[in-house]
Amino acid sequence: MQAAGYALRFRCETRDGTREVSIGTQSPDHTVQWTTLARCRLNDLGLVTPSLEVAPDGDGLRLKRAAGTGASASQPHRQATGRGEARGREQQPRTADPRSLETAGPAHDEPADPRAQAARAALPPVVDDLLHRFTTAGLSLTLVGTSVRQALEGRVAHELDFVTDSDVRRIRQILHGWGDDLRFQRDDAPDVVSLRKQWDGDIYTLRINARPAASRHLHSGSRRAEHEKALEAYLRRRDFTVDAMALGLSHVTLTDPFGGLQDLERRVLRTPRAPTAVIVNDPPLMLRVVRWAARLGFEPVPELRDAMSAMARRATEVPVEQVREELTALLLSTRPATGLRLLVDTGLAEHVLPELPALRFESAGHHRHKDIYEHTLTVLDQAIALETEGPDLTLRWAALLHDIGTPRTRRTGRNGQVTFHHHEVVGAKMARKRLRALACPEQLIADVVRLVELHLRFHGYLDEKWTDPAVRRYVRDAGPLLDRLHKLIRADCTTRDRRKAHALARAYDSLEERIERLAVEDAREAARPDLNGQQIMEILGIRPGAELGRAYEHMRNLHIERGPMNFETARDALLEWRARRDL
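Residues numbered from 1 in each chain as written. Predicted model: local features only at pLDDT ≥ 70, side-chain atom pairs only at ≥ 80, totals over all residues. Heavy atoms only, no water.

Asker: Summarise the overall build of the protein chain; cite the residues concerned and give the values.
Answerer: Broken down by element type, the protein chain carries 26 helices and 18 strands. The buried share of the protein chain, taken over its 583 residues, is 46%. Considering only contacts within the protein chain whose residues lie at least 6 apart along the sequence, 61% involve residues at least 24 apart. For the protein chain, the accessible area works out to roughly 30,300 Å², and carbon and sulfur atoms hold 49% of it. (Helix = DSSP H or I, 4+ residues; strand = E, 2+ residues; numbered from the N terminus. Buried < 20%, exposed > 50% of the residue type's maximum accessible area, 1.4 Å probe, protein only. Contact = heavy atoms within 4.5 Å. Areas by Shrake-Rupley, 256 points an atom, 1.4 Å probe, with all protein chains shown as cover.)

Asker: Lay out the packing of helix H10 (residues 285-296) against helix H12 (residues 320-331) in plain terms, naming residues and giving numbers.
Answerer: Across the interface, H10 lies against H12 with an axial gap of 9 Å and an inter-helix angle of 15°. Here H12 runs roughly parallel to H10, going by the angle between their axes. Two packed elements cross with a definite hand, and for H10 against H12 that hand is left-handed. The segment H10 lies against H12, with Leu287, Arg288, Val290, Arg291 and Ala294 engaging Gln322, Val323, Glu326, Ala329 and Leu330. Taken together, the residues that form the contact of H10 with H12 break down as 6 nonpolar, 1 polar and 3 charged. (Axes fitted to C-alpha atoms, helices over the stretch in contact; angles between N-to-C directions. Parallel < 35°, antiparallel > 145°, perpendicular 65-115°, else oblique. Left-handed = near helix turned anticlockwise from the far one by under 90°. Nonpolar A, V, L, I, M, F, W, Y, C, P; charged D, E, K, R; others polar.)

Asker: Could you give me a rundown of unusual backbone geometry, with the residues and numbers involved?
Answerer: Its identity is not glycine, yet Asp200 carries a phi of approximately 50°, on the positive side. Mapping Asp200 onto the fold places it in the loop between strand S11 (191-199) and strand S12 (202-210). On the basis of relative accessibility, which here comes to 67%, the residue Asp200 falls in the exposed class. Here the phi dihedral of Arg267 falls at roughly 60°; this positive angle occurs in a residue that is not glycine. For Arg267, a relative accessible area of 32% puts it in the partly exposed group.

Asker: Outline the environment of Met537, supporting the account with residue identities and numerical values.
Answerer: Tracing the sequence through the fold places Met537 in helix H24 (residues 533-540). Along the backbone, Met537 and Ala551 are 14 residues apart, and their C-alpha atoms lie at a distance of 9.2 Å. Here Met537 is in contact with Ile542, Arg543, Pro544 and Leu548, once residues within four sequence places are set aside.

Asker: Report on helix H15 (residues 372-385), specifying residues and quantitative values.
Answerer: The terminal C-alpha atoms of H15 lie 20 Å apart, and with 14 residues this matches the ideal 20 Å at 1.5 Å per residue to within 8%. Residues of H15 that are buried make contact with H12, helix H13 (336-345), helix H16 (393-401), helix H17 (406-409) and helix H22 (482-491). Of the residues flanking the start of H15, the one acting as N-cap is Asp371, its side-chain oxygen 3.1 Å from the backbone nitrogen of Tyr373. (Expected span 1.5 Å × (residues − 1). Polar contact = N/O pair within 3.5 Å; in protein donor to acceptor, adjacent residues only side chain to side chain.)

Asker: Lay out the packing of aromatic side chains in plain terms, naming residues and giving numbers.
Answerer: Using the criterion set out here, one finds 2 aromatic pairs in the structure. Centroid distance Trp292 to Phe298: 5.5 Å. Interplanar angle 70°. Geometry classified as edge-to-face. Phe298 shares its class with Trp292; the two are buried. Through a chain of ring-to-ring contacts, three or more aromatic side chains come together here, namely Phe240, Trp292 and Phe298. In this structure, Arg11 packs its charged tip against the face of Trp34, placed 4.0 Å from the ring centre. (Phe/Tyr/Trp six-rings, centres within 6.5 Å; stacked < 30°, edge-to-face > 60°. Lys NZ or Arg CZ within 6 Å of the ring centre and 35° of its normal.)

Asker: Residues and numbers for the pairing of S12, please.
Answerer: Two faces belong to every sheet, and in a regular strand the side chains alternate between them. Direction of pairing for strand S9 (residues 159-164) relative to S12: parallel, over a ladder of 6 bridges. Pairing of Thr164 across the sheet is with Ala210, part of S12. For S11 and S12, the ladder comprises 9 bridges, and the chain directions are antiparallel. Across the sheet, the residue bridging to Val192 is Asn209, located in S12. As consecutive antiparallel partners, S11 and S12 are separated by 2 residues, and within that stretch Asp200 has a phi angle of approximately 50°, a positive value. (Pairing = 2+ DSSP bridges.)

Asker: How would you summarise the nonpolar core if you had to cite specific residues and measurements?
Answerer: Core analysis: the largest hydrophobic core is formed by 83 residues, its most contacted members being Leu343, Trp397 and Tyr474. With 8 residues, H10 is the largest single contributor of residues to this core. In contact with Tyr474, other than residues within four places in its own chain, are Arg457, Phe458, Trp466, Leu482, Leu485, Ile489, Tyr508, Leu511 and Ile515. By size, the runner-up hydrophobic cluster in this structure holds 34 residues, among which are Val148, Ala151, Val193 and Val252. (Core = buried A, V, L, I, M, F, W, Y, C linked by side-chain atoms within 4.5 Å.)

Asker: Could you give me a rundown of the side chain of Glu387, with the residues and numbers involved?
Answerer: Assignment of secondary structure puts Glu387 in the loop between H15 and H16. Residue Glu387 is classed as buried on the basis of its relative accessible area of 16%. Setting aside residues no more than four positions away along its own chain, Glu387 makes contact with Asp392, Leu395, Arg396 and Lys487.

Asker: Can you lay out the pattern of salt bridges for me, pointing to particular residues and giving the numbers?
Answerer: Side chains that differ in charge, positive against negative, can pair when their charged atoms come close. Tallying each qualifying case throughout the model produces 33 salt bridges. Between Asp243 and Arg149 there is a salt bridge; the shortest N-O distance is 2.7 Å. Of the two residues, Asp243 is situated in the loop between helix H7 (220-236) and strand S13 (246-248) and Arg149 in helix H5 (residues 146-152); the sequence distance between them amounts to 94 residues. Overall, Asp243 belongs to the buried group, its relative accessible area being 6%. Ionic pairing is found between Arg314 and Glu317, a salt bridge with its closest N-O pair at 2.5 Å. Connected via shared salt-bridge partners are Arg149, Glu153, Arg155, Asp243 and Arg267. (Salt bridge = Lys/Arg side-chain N within 4 Å of Asp/Glu carboxyl O.)

Right, dumping it as structure tokens:
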């Protein structure tokens, strides 16, 4: 009573055969306010009755002033001198370390950092409903990881990760009947409960990491220290510091033990642990760095880049399926050329896509002004700019691999002229080999190989006037890839000579116009009947007029339905039609 300013009393009674438990809150004046056990809750500070509230320093419980205890309700709390106040001071954030940002502690009169407040406000309403369920059960709920970064950037996330101070069994009880597809998984250290929840037409994936609370026998300062230690250990395992932050939800706090907020503002990637140690245990991290650079524009800090270069060979330990998925994500990102440059500059490409760094040589001929490597990245960027229906993985792979045959076909003539004869044929074979080594789908491989084979065919149109049959062969060979081939060939023009660039564009415009005109003519020709007007008049013995028009239209529809017919079959079909009309 003297230390806390109140005492709890318990009373068990049997009424009508039912055992009931009542909890009494006794004040220093010996008055007791009784309540049922159902109206109480349990949190880190202990059992909380309706007569108690959390003290302003968040480190203990006290009697509510409204309970009629007057000064006696608060005075004993101040008398808890020494230990309670010392614990409060020990838990204050260390302002000397700028990487530790505690935007608002449990004290209600301390203003929260605007960035943390804005991040909290950016969270969808489903978070508030989830938080209510946990706080009602006396548990805390903290947003962690990628979800915090996205909230700080003002983006609404549909995948949210949390940490709570309870075990899996309790979490499942709290979430029972609230969400869909409730699952349990073991994730390295903590156990994770995941579920889906539909809210206002959106579907959210929620993952709650279970972290059992510290022993109740520890004093509150120790429990808080244990909680912070466990949370920091959890955040330390994240890939990058920008994802190693935690956002308190009840009292808006931002826990940032590794300087992630500053790295987020600088748009840099840094690991919470020594990068070399991280890569030793997790070689795929190097590919994730490249993906982040391509997808989000983050630049690895020098020590991380140096570690990637020094340990690039460890990329060979990554399963090929994982390499393929990372390269696919890179190519489908908003700035794949940025990621590809990082892949080459760190030496990773030598082990996962060696054909790309092999293009870095000075050349002449039709690439006189640049090396093939820079040309390739430019073609990729220009192909992306021509996409009309979202990212096209087939087109992007074709743009990246279209010239990989040039190093093997490079020849220097007596006059010093460099040539790459038939590099499209060699490149197609190399593309097939590389994509199969990455275990890509067979249809993707076939389409990319075909585009690489055909990407130089257009230059024959420039050198000599194509006949209509030659244009038709071009269309036939491209098949359903014709639209992609158009884009690849247009993207392949990277000359700085504006007159030459305009001439190439006009030439390809004329080719596309011819393709469209021939398609219309061929469609019209395909719709012509197998008997012309003269033949119809001779077979039916009629003159030009309405009857000839009706017979011609019948034979045209018959051709569309049945396909081509020889003369005898067409004549019999016409006479059969005439006989039915005469009945």
